[in-house]
Amino acid sequence: MSKEKKYIKKARTPKDKVLRVLLYVAIIVMVLVTLYPYFVMFTTALKSRAEIYSMKGTLLPIEWEWENFVDIWSLAPLGRYFINSILISGGATAIAILCGIPAAYALSRMKFKGKKFFLGLVIVSQMFAPVVLLVGIYKVMSVLHLTDSLLGLIFINAAFNQAFAIWLLRGTFMSISPEMEQAATIDGCNQLQAMIRVLLPVAAPGIVTALIFVFINAWNEYTVALTLISSDLLKPLTVGITVFNGYNMIEWQYLFASSLFATIPVVILFICIEKHLVGGLTSGGVKG
């Protein structure tokens, strides 16, 4: 019997089947636990205000109020909030990636004085959350006249995600053999052309991974936007949906309905580029 047949026979033992079933059960349980909050949000979004505040609460709505998903668009300028969040997240992602690629390339391919010190600064910068620096951020934005503007939020989100993008892209570039670029230079490319034509296409999974994480972080940012933005029409979605959080009562059905809509762009982004995600995370973990 060949080794291949022995392997197939061994893979079909009862013990392996039991372990496979247990693995599937564990995965199903994890998925259910992860999706349960979204299920509660969905069912709550379909309830009436009276039913939500009723003493006899139920998981499923007694009367399904589908019009809640329509009413939120007239009760608040959600369309404008969506556009603001897309501009902020897209702009911050573009800046972080465009600045992160050359910085990561220099850290992975070039030797210069202060390289380790700069890498240390990149890591240390990740220790500070925006809320810790909120007062300083507001003063700097005031001096630059960038308070109550989308441009200010774009720069802030790009700055706070820059270190992560550099670190992940550096690991990606280090996992790619320098011989590929050397071969391109022999064929007549300069260093910039070799990076653009050879390195970047190979590093696409890592770039996509950095892109999606920066976009999600910028999309979910709340504290800085709440502090810097005062005009209602300039609020991003995370801040804008708090309009349903009144002084006397929270409109949970509208708040959850708008929150579900807020997850749609991120889900679409994951679906479009999920095939690159695992490879990018793996390549970004290379030690250098």
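Small disclaimer: the values here were computed from a predicted structure and weren't measured.

Asker: Explain the overall build of the chain to me, using residue names and the numbers behind them.
Answerer: The helix and strand tally for the chain stands at 14 helices and zero strands. Along the chain, helices and strands appear, N-terminal first, in the series α-α-α-α-α-α-α-α-α-α-α-α-α-α. Taking 288 residues into account, the globule formula puts the C-alpha radius of gyration at 19 Å, and the chain, at 24 Å, lies well above it. Judged by the C-alpha coordinates and their principal axes, the chain covers about 70 × 70 × 30 Å. Burial statistics for the chain: of 288 residues in total, 38% are counted as buried.

Asker: Can you explain unusual backbone geometry? Please cite residues and give values.
Answerer: Here His-145, not a glycine, exhibits a phi torsion of approximately 60°, which is positive. Within the secondary structure, His-145 sits in the loop between α7 (134-143) and α8 (150-174). For Asp-148, which is not a glycine, the phi torsion comes out positive at approximately 55°. Position of Asp-148 relative to the elements: it lies in the loop between α7 and α8. Here Asp-148 falls in the partly exposed class, since its relative accessible area comes to 23%.

Asker: An account of the nonpolar core is requested, with residue identities and associated values reported.
Answerer: Soluble globular proteins: nonpolar side chains tend toward being buried together. With 26 residues, the main nonpolar core has Ala-45, Phe-69, Ile-72, Leu-78, Trp-219, Leu-237 and Phe-244 as its most contacted residues. Where this core is concerned, the elements lending two or more residues are α2 (14-45), α4 (68-75), α5 (78-109), α11 (204-220) and α14 (252-283). Ignoring anything within four residues of it in the chain, the contact list for Phe-244 reads Ile-72, Leu-75, Ala-76, Met-249, Ile-250, Glu-251, Tyr-254, Leu-255 and Ser-258. In this structure, Met-141, Leu-150, Ile-156 and Ile-229 belong to the second largest nonpolar core, which totals 14 residues.

Asker: Outline the packing of aromatic side chains, listing residues and values.
Answerer: Using the criterion set out here, one finds twelve aromatic pairs in the structure. With 6.2 Å between their ring centres and 35° between their planes, Phe-42 and Phe-69 make a pair best called tilted. Here Phe-42 is found in helix α2, whereas its partner Phe-69 is found in helix α4, with 27 residues between them in sequence. On the basis of relative accessibility, which here comes to 31%, the residue Phe-42 falls in the partly exposed class. With relative accessibility at 14%, the residue Phe-69 sits in the buried group. With a centroid separation of 6.4 Å and an interplanar angle of 75°, the aromatic rings of Tyr-105 and Phe-173 are classed as edge-to-face. In this pair, Tyr-105 sits in helix α5 while Phe-173 sits in helix α8, placing the two residues 68 residues apart along the sequence. The class for Tyr-105 is buried, based on a relative accessible area of 6%. We classify Phe-173 as buried; its relative accessible area is 0%. Connected via pairs of aromatic rings, a cluster forms that spans Phe-42, Trp-64, Trp-66, Phe-69, Trp-73, Phe-82, Phe-215, Trp-219 and Phe-261.

Asker: Quick one: what's the story with the side chain of Thr-43, residue by residue and with numbers?
Answerer: Take Thr-43: it is sitting in helix α2. Given the relative accessible area of 1%, Thr-43 is considered buried. Setting aside anything within four residues of it in sequence, one finds Thr-43 in contact with Leu-59, Leu-60 and Pro-61.

Asker: Describe the environment of Leu-107, naming the residues involved and giving the relevant values.
Answerer: Secondary-structure assignment places Leu-107 in helix α5. It is 9.2 Å that separates the C-alpha atoms of Leu-107 and Phe-173, two residues lying 66 residues apart in sequence.

Asker: Explain the confidence of the model for the chain residue by residue, including any values.
Answerer: The pLDDT averaged across the chain works out to 84; a share of 91% of its residues lies at or above 70. Low pLDDT, under 50, characterises residues 5-9; the stretch is placed with one contact to residues that sit more than four places away or in other chains. Across residues 283-288, where pLDDT falls below 50, the model places twelve contacts with residues more than four positions away in sequence or in other chains.

Asker: An account of the environment of Ser-258 is needed here, citing residue identities and associated values.
Answerer: Among the structural elements, Ser-258 can be located in helix α14. The spatial distance from the C-alpha of Ser-258 to the C-alpha of Leu-78 is 7.9 Å, given a sequence separation of 180 residues. Those residues in contact with Ser-258 that sit more than four places away from it in its chain are Ile-72, Leu-78, Ile-241 and Phe-244.

What counts as what
- Residues numbered from 1 in each chain as written.
- Predicted model: local features only at pLDDT ≥ 70, side-chain atom pairs only at ≥ 80, totals over all residues.
- Heavy atoms only, no water.
- Helix = DSSP H or I, 4+ residues; strand = E, 2+ residues; numbered from the N terminus.
- Rg over C-alpha atoms; globule rule 2.2 N^0.38 Å.
- Buried < 20%, exposed > 50% of the residue type's maximum accessible area, 1.4 Å probe, protein only.
- Core = buried A, V, L, I, M, F, W, Y, C linked by side-chain atoms within 4.5 Å.
- Contact = heavy atoms within 4.5 Å.
- Phe/Tyr/Trp six-rings, centres within 6.5 Å; stacked < 30°, edge-to-face > 60°.
- pLDDT = per-residue confidence, 0-100.

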